[in-house]
Amino acid sequence: MLGTLLQSKEESVASMVYHYKHGFSGFAAMLTQDQATRLAEFPEVISVKPSRRVRTTTTRSWDFLGLNYQSSHTPASELLQMSNFGEDVIIGVVDTGIWPESRSFSDVGYGPVPARWKGECQTGPDWGINNCSRKIIGARFYTAGVPDEYLKRDSLSPRDHYSHGTHCASTAAGSAVGVDGEEASFHGLAAGVARGGAPRARIAVYKSIFAGYGDSATVLAAIDDAIHDGVDVLSLSLTVPYENSYGALHAVQKGITVVYSAGNDGPRPQTVEDTSPWVLTVAASKIDRSFPTVITLGNKQQMVGQSLYYQVKNINSSSHTASNFTKLICAQSHEILHQIDVKGAILVCLNDNDAINPSDDFHHAAKYVVEGGGSGLIFAQYTTDTLSSTVAYCPGIACVIVDIYISRRICQYAFDSSSPTAKIEPTRTVMSKDVLASKVASFSSRGPSADYPAFIKPDVAAPGANILAAVGDSYVTKSGTSMAAPHAAGVAALLKALHPDWSPAAIKSAIVTTAHVTDGHGMPILAEGLPRKVADPFDYGGGNINPCGAAHPGLIYDIDPHDYNKFFQCANVKEGISAIASCNTTSMPEYNLNLPSISVPDFRSAITVSRTVTNVGELHSVYHVVVQSPTGVKMEVFPDVLVFDAANKVRKFEVKLSPIWNFQGGYTFGSITWQNDRQVVRIPVATRITIQDFYADVA
């Protein structure tokens, strides 16, 4: 058709951009308006439409959560406007430091540092007093106790040479980058406006980790200084020893919302970290962005995997690269890799290891291809939650992750062909409702808590898979609950700006009770794992974070932070020559702590749990209860209607739980929802019927 239209074979070939043939029949071509109009008149053509730029606006995760940034086309979301983009809220980031020259930390347009700030700007060999600014208002670093071998590999200053802290800080509170100029991207991928959840918030840096090493002493020192300095929110994208949770308790009792990452040991149960009830523990979820990478076989058949593969500029076209058709080799087992000559070839690696985390196998295979002079790796695994490994472990080669089915299709072609070849095209970015999201990422640690099973953990999920944010002077994607925690910290900062009188418990309640348990299509949120399943509270707590909903939660489950002491009677206990805080004993049933969740892990007979809610919505309002009982449990709520007015802003209700069965069971889940025509306030419920103490059912 193009040859007929353009009257030239050469011009038709030159105009062709894409040829679609597997999903549907069609093509994309560079045409003038007149040529497009004439092409539309061809009898074989159903339609001709102009290719429109997909505007991405980290670059996507905040828009996915409903926090749209202002642009020439759309206004900023209501929450951003009402909170003035988190103006003057101070977020403390306890991490590996920060890279102050990043565009994400520009202080252009910022007013003076808040007068209440009492922090410092510590200097070092590569950090001067001017590296602090009206954006990065404080910076400290903690070297005492850190072994010299780690200090020698890092900088004795707040500067971040390991990228983690910079990435997290820019996710929580980075200034908007790419609104009027060059967009942020990773070599053109995930391009758009990069900014933090609270882009006008101030950042205080507490470098507690050096060359990957950190300990409880440095983290506790950072928390302690942060309390003094006057931060409003603390973001800790790290897992910490047991005693640090009580450092966090002190921060909470001073009015600081403390956010921790849940850990990256999923999908195994009982791996969630940082499970104290006074902190917000955040799982990782996926967003509606995909990085499809086309693999074309020698027989012209095309398969699609996921990657972050980009074409290196000025590469020698005559060299062996995966972008050209090259030899294809299939390895059915990792054990036979040493027998294969991969020079100049693309290796397909069938992952025959059923381990929960196949990253070690990927690393081994990529290293073999790189050292053997190969041009590409196609690696089969059950999930594609994290793609940063396709860059980190693949210098100079193309690495693509595919599922098991596609890998076997490719290998079948290789076995059937006498001279199998393939090529790998550079990755594209696709952002669409057609991409299934949200889903809990496979690596995200799961509950129940091994330390405090009477509290549902994690509390909530937030974007943490393939998140683009600042690293040095550029932008890179990273995955982990480390990326999820600063998303929640950014939301907490916006809520603090909007509701400055709210306690940390109120902020946590608003986030948990308004979280989504269904995706954009109304389907239950899924959790990646072995196998993929419908998510439950041990995957995502209350659900996937919903910033705009959290701004107006209707009701909150508030806690006087000193009430935690009633449940955790702490005393100094001697262990050898040191004393530690022992807080294992409780003076009241843990399930009566006024959390936005209920967990009864040792459920033998009928019990009554109490909760108190405070109306922060319309003054005169009525809420009706909707009860979803856990399987095997009869759950009743009294009263079933709550009426609020000027004289009655706080209401108490009781939940009666009665076991229907009598055996040693597993956890089952339900929920209690208070709702009216404007608000839905939901808390998760988890119960485990037992008849014996300390009975394991894992044997």
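For every chain, the first residue of the written sequence is number 1, and numbering continues from 1 onward in sequence order. The model is predicted, so local features are restricted to residues of pLDDT at least 70 and side-chain atom pairs to those at 80 or more, both for listing and for counting; the totals for chains, interfaces and linings are taken over all residues. Side-chain metrics rest on all non-hydrogen atoms present in the structure, leaving aside hydrogens and water.

Draft legend 1. Structural context of the environment of G66. For helices the rule is a DSSP run of H or I covering at least 4 residues; for strands it is a run of E covering at least 2, with both sets numbered from the N terminus onward. Note that G66 resides in the loop between helix 4 (61-64) and helix 5 (78-82). Only protein chains enter the calculation, and the probe is 1.4 Å; a residue is then buried if its accessible area is under 20% of its type maximum, exposed if over 50%, and partly exposed in between. In this structure G66 comes out as partly exposed when scored by relative accessible area, which is 24%. Residues G66 and L79, spaced 13 residues apart in sequence, show a C-alpha to C-alpha distance of 9.3 Å. Here a residue-residue contact requires only that any non-hydrogen atoms of the pair lie within 4.5 Å. In contact with G66, other than residues within four places in its own chain, are S77 and C548.

Draft legend 2. Expanded view of the confidence of the model for the protein. On a scale of 0 to 100, pLDDT captures the predictor's confidence in every residue. Looking at the protein as a whole, the pLDDT averages 86, with 87% of positions reaching at least 70. Confidence drops under a pLDDT of 50 for residues 52-59, and excluding neighbours within four residues, the segment shows 31 contacts in the predicted structure.

Draft legend 3. How the structure looks around the pattern of salt bridges. Within this document, salt bridges are pairs made up of a side-chain nitrogen of Lys or Arg and a carboxyl oxygen of Asp or Glu, the two lying within 4 Å of each other. Per the counting criterion, the structure on display carries 22 salt bridges. The residue R604 makes a salt bridge to D602 at a minimum N-O spacing of 3.3 Å. Taking relative accessible area as the criterion, D602 reaches 44% and is therefore assigned partly exposed. R678 is paired through a salt bridge with E618; the nearest N and O atoms lie 3.0 Å apart.

Draft legend 4. The arrangement of helix 7 (residues 164-173) in detail. The buried fraction of helix 7 is high, at nine of 10 residues. Burial in helix 7 covers these residues: G165, T166, H167, C168, A169, S170, T171, A172 and A173.

Draft legend 5. A look at helix 13 (residues 481-498). Take the number of residues in a helix, subtract one, and multiply by 1.5 Å to get its expected span. End to end, helix 13 covers 26 Å across 18 residues, agreeing with the expected 26 Å (1.5 Å per residue, within 8%). Judged by how many residues are buried, helix 13 sits mostly within the fold: 17 of 18 residues are covered.

Draft legend 6. Highlighting a nonpolar patch on the surface. Residues qualify for a patch when their relative accessible area is over 30% and they have no salt bridge, like charges being joined within 9 Å and the nonpolar side chains of Val, Leu, Ile, Met, Phe, Trp and Tyr within 5 Å. Accessible surface area values rest on a Shrake-Rupley calculation with a 1.4 Å probe, where residue burial reflects the displayed protein chains alone. On the surface, I660, W661 and F663 cluster together into a nonpolar patch covering about 310 Å² of accessible area. Tracing the sequence through the fold places W661 in the loop between strand 34 (650-659) and strand 35 (667-675).

Draft legend 7. Structural view of the sheet that holds strand 29 (residues 598-603). Strand pairing is defined by DSSP finding a minimum of two bridges between the two strands. If you trace the five strands from one edge of the open sheet to the other, you get 29-36-35-31-33, paired in mixed fashion. In the strand order of this sheet, the two ends are held by strand 29 and strand 33 (641-644), each with one partner. The sheet shows a mean angle of 20° between the axes of neighbouring strands, taken without regard to direction. In terms of strand pairing, strand 31 (residues 621-628) meets strand 33 through four bridges, oriented antiparallel. Within strand 33, the position partnered with V622 by the bridge is V643. Where helices are involved, their axes are fitted lines through C-alpha atoms of the stretch in contact, as for all axes, and angles between N-to-C directions lie from 0 to 180°.

Draft legend 8. Quick peek at the UniProt feature "active site" (unreviewed entry) in the protein. UniProt positions are given in the numbering used here, feature names are shortened, and annotations may be inferred rather than shown by experiment. What UniProt calls "active site" (unreviewed entry) maps, in this numbering, to D95, H164 and S482. Across 388 residues in sequence, these annotated residues keep their C-alpha atoms within 10.0 Å of one another, forming a single compact spot. With respect to the helices and strands, the residue D95 is situated in strand 3 (residues 90-95). Residue D95 is classed as buried on the basis of its relative accessible area of 0%.

Draft legend 9. Just the state of the cysteines, in detail. By convention in this document, the label disulfide applies to cysteine sulfur atom pairs within 2.5 Å. In the structure shown here, the tally under the stated rule is three disulfides. Put simply, C121 and C132 are joined by a disulfide, and their sulfur atoms are 2.0 Å apart. The sign of the S-S torsion, about 95°, decides the handedness of the disulfide formed by C121 and C132: right-handed. Of the two residues, C121 sits in the loop between strand 3 and strand 4 (136-141) while C132 sits in the loop between strand 3 and strand 4, which places them 11 residues apart along the sequence. A sulfur-sulfur separation of 2.0 Å characterises the disulfide bridge that pairs C394 with C399. Judged by the sign of its S-S torsion, about -105°, the cystine formed by C394 and C399 is left-handed. Judged on exposure class, the residue C394 and its partner C399 are both buried. Looking at the unpaired C349, the closest cysteine sulfur is the one in C330, lying at 8.5 Å. Judged by relative accessible area, C349 falls into the buried class, the value being 0%.

Draft legend 10. Looking closely at the side chain of R289. Looking at where R289 falls in the secondary structure, it is placed in strand 11 (residues 289-290). Buried and unpaired, R289 has no salt bridge, with D288 as the nearest side chain of opposite charge at 7.2 Å. Polar contact is defined as a pair of N or O atoms within 3.5 Å, subject to the rule that within protein one atom must be able to donate a hydrogen and the other to accept it, and that residues adjacent in sequence are counted only when both atoms are side-chain atoms. For R289, the side chain forms a polar contact with the main-chain oxygen of N466, separated by 3.0 Å. Charge assignment: positive for Lys and Arg, negative for Asp and Glu; neither His nor the chain ends contribute.

Draft legend 11. Layout of the packing of aromatic side chains. Under the pairing criterion, centres of Phe, Tyr and Trp rings, with the six-membered ring standing for Trp, must be within 6.5 Å; the plane angle then separates stacked pairs below 30 degrees from edge-to-face pairs above 60, leaving the rest tilted. Tallied over the full model, the rule gives 11 aromatic pairs. Arranged with centres 6.3 Å apart and planes meeting at 45°, the rings of F362 and Y393 form a pair that is tilted. Of this pair, F362 sits in helix 10 (residues 359-371) while Y393 is found in the loop between helix 11 (389-392) and strand 17 (398-402), placing the two residues 31 residues apart along the sequence. Looking at F362, the relative accessible area reads 1%, which means it is buried. Assessed through its relative accessible area of 31%, Y393 is described here as partly exposed. Grouped by ring-pair contacts, the aromatic residues F362, F379 and Y393 constitute a single cluster.

Draft legend 12. Main features of the pairing of strand 16 (residues 376-380). Burial of strand 16 is extensive: five of the five residues sit out of reach of the surface. Neither face of strand 16 is open: one carries G376, I378 and A380, the other L377 and F379, and all of them are buried. Pairing of strand 15 (residues 346-349) with strand 16 involves four bridges; the strand directions are parallel. Counted as the bridge partner of L347 is L377 from strand 16.

Draft legend 13. Representation of the sheet that holds strand 32 (residues 633-638). Strand order in the open sheet formed by four strands is 26-30-34-32, with antiparallel pairing between adjacent strands. Of all the strands in the sheet, the pair left with one neighbour each is strand 26 (555-556) and strand 32. Examined bridge by bridge, strand 26 and strand 30 (residues 607-615) share two bridges and lie antiparallel to one another. If you follow L555 over to strand 30, its bridge partner there is N615.

Draft legend 14. Spotlight on unusual backbone geometry. With an omega of 0°, the peptide bond between G447 and P448 qualifies as cis. Within the secondary structure, P448 sits in the loop between strand 20 (439-440) and strand 21 (460-463). Here the bond from F638 into P639 is cis, since omega is -10°, no more than 30 degrees from zero. Topologically, P639 is positioned in the loop between strand 32 and strand 33. Its identity is not glycine, yet N84 carries a phi of approximately 50°, on the positive side. As for its placement among the helices and strands, N84 is situated in the loop between helix 5 and strand 3. Although it is not a glycine, Q270 sits at a positive phi angle of roughly 60°.

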